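Summary of structural features
One-letter residues, chain by chain:
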2 protein chains.
Amino acid sequence: MTSVPKGRRSGGRAGRKAARSAAHVQASPYLIRAAPPYDALSEEGLTCIEDNAETILEEVGIDFRGYPTALERLAAAGANIDGERVRFPRGLCREIVTASAPGSFTHHARNPIRNLQIGGDASVFAPAYGSPFVYDLEAGRRYATLEDFCNFVKLAYMSPAMHGSGGTVCEPVDIPVAHRHLDMTYAHLRYSDKAFMGSVTAPERAQDTVDMAKLVFGEEFVEAHCTTINLINAASPMAWDASMLSVAEVYARHGQATLITPFILAGAMAPVTVAGVAAQTLAEALAGMTFVQLVRPGAPMIFGSFASSLSMQSGAPTFGTAEAAQVIFVMAALARRLGVPFRSGGNLCASKVPDAQAGAESASTLIPTLLAGTHFVLHAAGWLEGGLTMGYEKFIMDADQCGLWGRLLAGIDLSENGQALDAIREVGPGQHFLGTAHTLANFETAFGRSEVSDNDSFEQWREEGSLDAASRAHKLWKQKLESYAPPEIDQGTDSALLDFVARRRREIPDRVD
Amino acid sequence: MTSVPKGRRSGGRAGRKAARSAAHVQASPYLIRAAPPYDALSEEGLTCIEDNAETILEEVGIDFRGYPTALERLAAAGANIDGERVRFPRGLCREIVTASAPGSFTHHARNPIRNLQIGGDASVFAPAYGSPFVYDLEAGRRYATLEDFCNFVKLAYMSPAMHGSGGTVCEPVDIPVAHRHLDMTYAHLRYSDKAFMGSVTAPERAQDTVDMAKLVFGEEFVEAHCTTINLINAASPMAWDASMLSVAEVYARHGQATLITPFILAGAMAPVTVAGVAAQTLAEALAGMTFVQLVRPGAPMIFGSFASSLSMQSGAPTFGTAEAAQVIFVMAALARRLGVPFRSGGNLCASKVPDAQAGAESASTLIPTLLAGTHFVLHAAGWLEGGLTMGYEKFIMDADQCGLWGRLLAGIDLSENGQALDAIREVGPGQHFLGTAHTLANFETAFGRSEVSDNDSFEQWREEGSLDAASRAHKLWKQKLESYAPPEIDQGTDSALLDFVARRRREIPDRVD
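Conventions and cut-offs
Residues numbered from 1 in each chain as written. Chains lettered and ligands numbered in written order. Predicted model: local features only at pLDDT ≥ 70, side-chain atom pairs only at ≥ 80, totals over all residues. Helix = DSSP H or I, 4+ residues; strand = E, 2+ residues; numbered from the N terminus. Rg over C-alpha atoms; globule rule 2.2 N^0.38 Å. Buried ≥ 20, exposed ≤ 12 C-beta atoms within 10 Å, placed from the backbone. Contact = placed C-beta atoms within 7 Å. Nonpolar A, V, L, I, M, F, W, Y, C, P; charged D, E, K, R; others polar. Pairing = 2+ DSSP bridges. Axes fitted to C-alpha atoms, helices over the stretch in contact; angles between N-to-C directions. Least-squares fit on C-alpha atoms with pLDDT ≥ 70 in both. Parallel < 35°, antiparallel > 145°, perpendicular 65-115°, else oblique. Left-handed = near helix turned anticlockwise from the far one by under 90°. Core = buried A, V, L, I, M, F, W, Y, C linked by C-beta atoms within 7 Å. pLDDT = per-residue confidence, 0-100.

The next thing to look at is the overall build of chain A. Of regular secondary structure, chain A possesses 19 helices and 22 strands. For 513 residues, the compact-globule formula gives about 24 Å, and the C-alpha radius of gyration of chain A, at 24 Å, lands near that figure. With respect to the three principal axes, the spread of C-alpha positions in chain A is 75 × 55 × 50 Å. Sorting the 513 residues of chain A into buried and exposed places 61% on the buried side.

Put into structure tokens, the structure is as follows:
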């Protein structure tokens, strides 16, 4: 049997608490991947998927709906247009994408020490995106407000594990739809200085985002550098809609990054098989990325994949399954072969509350995401209920897991210190390593430290109120928000942003959606 | 933003519930691995660890304590003996182990359709092992009893995801220590017909286990076939104790399998680094396996690794960390190179209750366990509180995850049906796959189905009582135990077992420990 050892304890409860909270002082701006990715398919298998994607592009085609300029661009590049159906000669999309899409790029943050490398050997985490509801243990589930939005931006800013502050971290439904993007963009720029994501609900809102970025970064800088990443979802199966294409066009024209993401619930928008989902996802993404590169060759892009299986019983999406992981593994490998940055995964779950289901499904998504070698991890913190709800406690728990598991990417240290042979020689059979020089020199950094997990004895845990993880996380997010201090901002810049928001609020009718 | 689709619903709530519970009717006796393992280290990295293990065996040595016959056997095989310290010329252990240890073997169950392949391309799950406490939502944490023990054997028997019924699934502390093994072995043989694990607390109890197995399988059969797997832990660092060696000797002599497992809390029994833990684990395991092969060349064995990092704050073990996963990846690869079956991982956690911490830490152990290519997964269901507690709800949740994630091992289907190109051609852009022939033909088997996870709408979930995963699991274990029916057993065999137990109870003083 296994048992908890009577390890040496020192410093008492207060000392340990202090050590625990001092653990993550400095955020590295992003993770560097040295660990090899997991290969779920052989070269041959990946080639098979690629061939099938070309067959889909060539024979079945992709619809570009309600956006004639896309059809014109694609026709000029050699695609065959039939109404809104676009068929691509084999290899055309791959050729266009690989000719000009950058393999990696810098996502600039307001604070340059937080600039992110997207692609290559870097991986970054960003909060969950798009929930109309929020949840916390005390108030339960409710519609999100701008206050919630700002809270999550602040929490992301304060979290060393979140490399960016995200985009629509929740929908501030107390603000008119046509004005929301102004408040959201301002919040990202004011309450955080991390890299952020722009509005994608309409081209003029995308333009507002770009204009606000220019007030912060400067006009010329924005045109030549990525300062926003923008989530462009396909209308799967095999279609792109005008709403997303027009937004992608605005961002690409200004050199801003697009996250081109087929959004698949397998069984509804794609076949129920992993290889089918993969081929279709690749075809849709290639078509979307081709369009972006035709708008502006060299525009930064991320190849995204969001795939969940559909419960054929309830019609609802499921998360944290082996099949979803297999899709992530395959798509990441396909993106590597294409030479573009890859986005997928996160801390996804179907659970309504931060319970064991949430914990298991989220970890079951996050770990495959990391092992796949994913570059950009959206939905890395807060996601509940299939994305319908942003959870306060869940955010804390997820960010904690991101911190713990991001360490995997560093790979295994085989330096002399890592091999620790001298320590083993020194200690020898039957002794313990607790006080050795090697242990003392390494224990601070040897393991990730959780601020949520409880590893204490049962008696101690009971003494502290027998709290479950959600209750501990509840305390943590409240404490964090109470101790929040905004990053510095140049007063002129802040005024310019506020003036812009006020002017655009006046100009935009608040009843248009 | 992502949202829950308005998928088609059919059959109503009752229909869906029925379909859900009918999902896992037949257990396959074990999992077949087609998915490739994850390689965390290169060949060069693995060779480095192997070299360091040889250095430990050669220079530092391994203590074989209080068991002179082991020293005699090892000396005769070429090891250098210095008191109880045994040093092995480089390569000696590897040579002895590879010369005779089987690469895979059959673990015979009372019901032959449940015979397990151990090693090769097979993977099996067995319940958690060794907890003095049990926990359920209603009664809380308490000392385990024989009733609890029998309950977990029954639950394991009923669970399609558990391939064996385990060993000391919890400690029946209401039974005198010296008699427990009789009741436990009888329970495994009577309330389940799956493969089981034997008693390891004393050589005479091991002998009783073998004798009881002979009453069921026949004397000659047992001597020539593995009918029990037996957990033999090292006294890490770098030591083996008489208690475990003497038990291993009994089992090996009768051709029964030993699970040779260095048990490491990194920072206490080994260095805090992954490469250090790996080299030491390999050295300890090689020494232990060498002893077993000297007792009986060809005796079935499993190379085990249990490694957790020690919280330097609380002195308690931590679970579900990236570092623990790295150890599993490396040890599995080392076992493959050695050519023996590998055991590690499970659904491990430090949490006292089946909460989000339990869910996350367990999944964070299980998924690396599977991706590593682990053959024998002990502690696959029930584990709470670092193994001190066996949880009823946790058992249900873990077995559910094992069922869902065992599917990963099948790999990705690249058959024509898996590629689903015809379905994609048939559906085309903008349509949905819900009613297509391909979807209808595949959806029953396309995805794993959870009996614990809730994927319903928020409204429906609320209507059903807003239950969290632990509460749902609570209902499930009660329902399962209520519907339990024992497997058939030959009456003569049962009487012989009962007679044996009664006789040994009379013979063994109940106060000896």
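After that view of the structure, there is still more to cover.
This part is about the interface of chain B and chain A. At the junction of the two partners, chain B supplies 130 residues and chain A supplies 130 residues. The element that contributes the greatest number of residues to the side of chain B that touches chain A is helix 12 (residues 356–371) of chain B, accounting for 12 residues. Broken down by class, the residue content of the side of chain B that touches chain A amounts to 68 nonpolar, 42 polar and 20 charged.

With that settled, consider the sheet that holds strand 4 (residues 85–87) of chain B. Residue and element names in this part refer to chain B. Taking strand neighbours across the sheet as the criterion, the four strands line up as 3-4-2-13 in an open arrangement whose pairing is mixed. Only two strands of the sheet have a single neighbouring strand rather than two, namely strand 3 (80–82) and strand 13 (239–241). Going from strand to strand, the sheet's axes swing by 25 degrees on average, the running direction of each strand aside. With two bridges joining them, strand 2 (residues 62–65) and strand 4 adopt antiparallel strand pairing.

Sheets are built from strands paired through backbone hydrogen bonds, the pairs being either parallel or antiparallel. Residues and elements named next belong to chain B. What the four strands build is an open sheet, ordered 9-8-22-21; its pairing is mixed. The two strands at the open ends of the sheet, each matched to only one other strand, are strand 9 (140–143) and strand 21 (383–384). Pairing of strand 8 (residues 133–136) with strand 9 involves four bridges; the strand directions are antiparallel. Pairing of F133 across the sheet is with Y143, part of strand 9.

Let's shift gears to the relation of the copies chain B and chain A. The two copies are related by a screw motion: chain B maps onto chain A through a turn of 180 degrees and a shift of 0.0 Å along the axis, at an RMSD of 0.0 Å. The operation mapping one copy onto its partner corresponds to a two-fold rotation axis. Interface residue correspondence from chain B to chain A reaches 100%, placing this contact among same-surface, isologous pairings.

All names here are of chain A. Between helix 7 (residues 203–217) and helix 9 (residues 242–253), the least distance of the axes is 8 Å, while the angle of their chain directions is 25 degrees. Here helix 7 lies roughly parallel to helix 9, going by the angle between them. At the point where helix 7 passes helix 9, the crossing takes the right-handed sense. Contacts between helix 7 and helix 9 pair P203, A206, Q207 and V210 from the former with S246, V247, V250 and Y251 from the latter. Of the residues that constitute the contact of helix 7 with helix 9, the class distribution is six nonpolar, two polar and no charged.

The subject of this paragraph is the pairing of strand 15 (residues 263–266) of chain A. All names here are of chain A. Of the two faces of strand 15, the one lined by F263 and L265 and the one lined by I264 and A266 are each fully buried. Relative to strand 17 (residues 306–310), strand 15 runs parallel, the two sharing four bridges. The residue of strand 17 that forms the bridge with F263 is F306.

This paragraph deals with unusual backbone geometry. Look at the link from S236(A) to P237(A): it is a cis peptide, with omega at 5 degrees. With respect to the helices and strands, P237(A) occurs in the loop between strand 12 (228–233) and strand 13 (239–241). The backbone of M238(B) sits at a positive phi, close to 55 degrees, despite the residue not being glycine. Topologically, M238(B) is positioned in the loop between strand 12 (228–233) and strand 13.

All names here are of chain B. Positionally, A299 belongs in the loop between helix 10 (274–295) and strand 16 (301–304). We classify A299 as buried; it has 25 C-beta atoms within 10 Å. Remark: the alpha-carbon pair of A299 and H225, spanning 74 residues in sequence, is separated by 9.5 Å. Those residues within four positions of A299 in sequence are excluded, and the remaining contacts are A252, G255, V292 and Q293.

All names here are of chain A. Burial runs high along strand 14 (residues 257–261): five of the five residues are buried. Taking every second residue as pointing to the same face, both faces of strand 14 are buried, with A257, L259 and T261 on one and T258 and I260 on the other. The sheet contact formed by strand 12 and strand 14 spans five bridges and is parallel. Among the inter-strand pairings, I229 is bridged to a residue of strand 14, identified as A257. The sheet contact formed by strand 14 and strand 16 (residues 301–304) spans three bridges and is parallel. Paired with T258 across the two strands is M301, which belongs to strand 16.

Before going further, it helps to spend a moment on the environment of I328(B). Looking at where I328(B) falls in the secondary structure, it is placed in helix 11 (residues 322–338). Residues I328(B) and S344(B) lie 16 residues apart in sequence; the distance between their C-alpha atoms is 6.6 Å.

Take the nonpolar core next. Of all hydrophobic cores here, the largest spans 354 residues; its most connected members are A278(A), V330(A), A278(B) and V330(B). Among all residues touching V330(A), those that are not within four sequence positions of it are A40(A), L41(A), I49(A), V274(A), A278(A) and I412(B).

Residues and elements named next belong to chain A. Mean pLDDT for chain A: 94, with 94% of residues reaching 70 or above. Ignoring residues within four places in sequence, the model shows residues 1–26, a span with pLDDT below 50, making 38 contacts including any to other chains. Across the interface, the model reports ipTM at 0.94; the global pTM reads 0.94.

Residues and elements named next belong to chain A. For the pair helix 5 (residues 146–158) and helix 18 (residues 469–482), the least separation of the axes is 10 Å and the interaxial angle reads 90 degrees. Judged by the angle between their axes, helix 5 and helix 18 are roughly perpendicular. Where helix 5 abuts helix 18, its residues N151, K154, L155 and M158 lie against W477, K480 and L481. Of the residues in the contact of helix 5 with helix 18, the class split is four nonpolar, one polar and two charged.

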